[in-house]
Amino acid sequence: MLNPIRSLNFLALLLAGALALSLMLNGFLLYSRAPATADYEDLQETEADLRLTQRLLARCQSDHQQQDSLLALRPTPPAMLPTASAQ
């Protein structure tokens, strides 16, 4: 029969190995990425375009809601409009 202390040592060694492997893999993945480009002008231009598009979309939605509410207030036209008869 195996000694309980010996099996605990094996589990502790296995856990330490998994932890070390995990730390190495995480370190590799964190530091192996290509450095980010320092071109912030493109990022700022893209963000400005996004903000402008959001404002234009909000204005368009507001105009359509206003138009819809005005159309709802408009009375419905009669089914038949009177026409001038030629006599």
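Everything here concerns the structure above.
The sections below set out a description of the structure shown in this document. This structure is a prediction, so every number in the text was calculated from the model and none was measured.

### Side note on the overall build of the protein
Piece 1. Within the protein, the regular secondary structure consists of two helices and zero strands.
Piece 2. Counting over 87 residues, the protein shows a buried share of 0%.
Piece 3. Roughly 9000 Å² of accessible area belongs to the protein as shown, and the carbon and sulfur atoms make up 65% of that amount.

### Quick look at a negative patch on the surface
Piece 1. On the surface, a cluster of negative charge is made up of Asp 39, Glu 41, Asp 42, Glu 45 and Asp 49.
Piece 2. Examined against the element boundaries, Asp 42 turns out to sit in helix 2 (residues 40–73).
Piece 3. Residue Asp 42 is classed as partly exposed on the basis of its relative accessible area, which comes to 44%.

### Focus: a nonpolar patch on the surface
Piece 1. Taken together, the side chains of Leu 8, Phe 10, Leu 11 and Leu 14 make up a nonpolar region of the molecular surface, amounting to roughly 440 Å² of accessible area.
Piece 2. Structurally, Leu 14 is set in helix 1 (residues 4–31).

### Points about the pattern of salt bridges
Piece 1. Taken as a whole and assessed by the stated rule, the structure comprises one salt bridge.
Piece 2. Notably, a salt bridge pairs Glu 47 with Arg 51, separated by 3.4 Å at the nearest N-O pair. One end of the pair is Glu 47 and the other is Arg 51, both in helix 2 and four residues apart, which spans about a single turn.

Criteria and cut-off values
- Residues numbered from 1 in each chain as written.
- Predicted model: local features only at pLDDT ≥ 70, side-chain atom pairs only at ≥ 80, totals over all residues.
- Heavy atoms only, no water.
- Helix = DSSP H or I, 4+ residues; strand = E, 2+ residues; numbered from the N terminus.
- Buried < 20%, exposed > 50% of the residue type's maximum accessible area, 1.4 Å probe, protein only.
- Areas by Shrake-Rupley, 256 points an atom, 1.4 Å probe, with all protein chains shown as cover.
- Patch = residues over 30% accessible without salt bridge, like charges linked within 9 Å, V, L, I, M, F, W, Y side chains within 5 Å.
- Salt bridge = Lys/Arg side-chain N within 4 Å of Asp/Glu carboxyl O.
- Lys, Arg positive; Asp, Glu negative; His and termini not counted.
- Charge placed at Lys NZ, Arg CZ, Asp CG, Glu CD.

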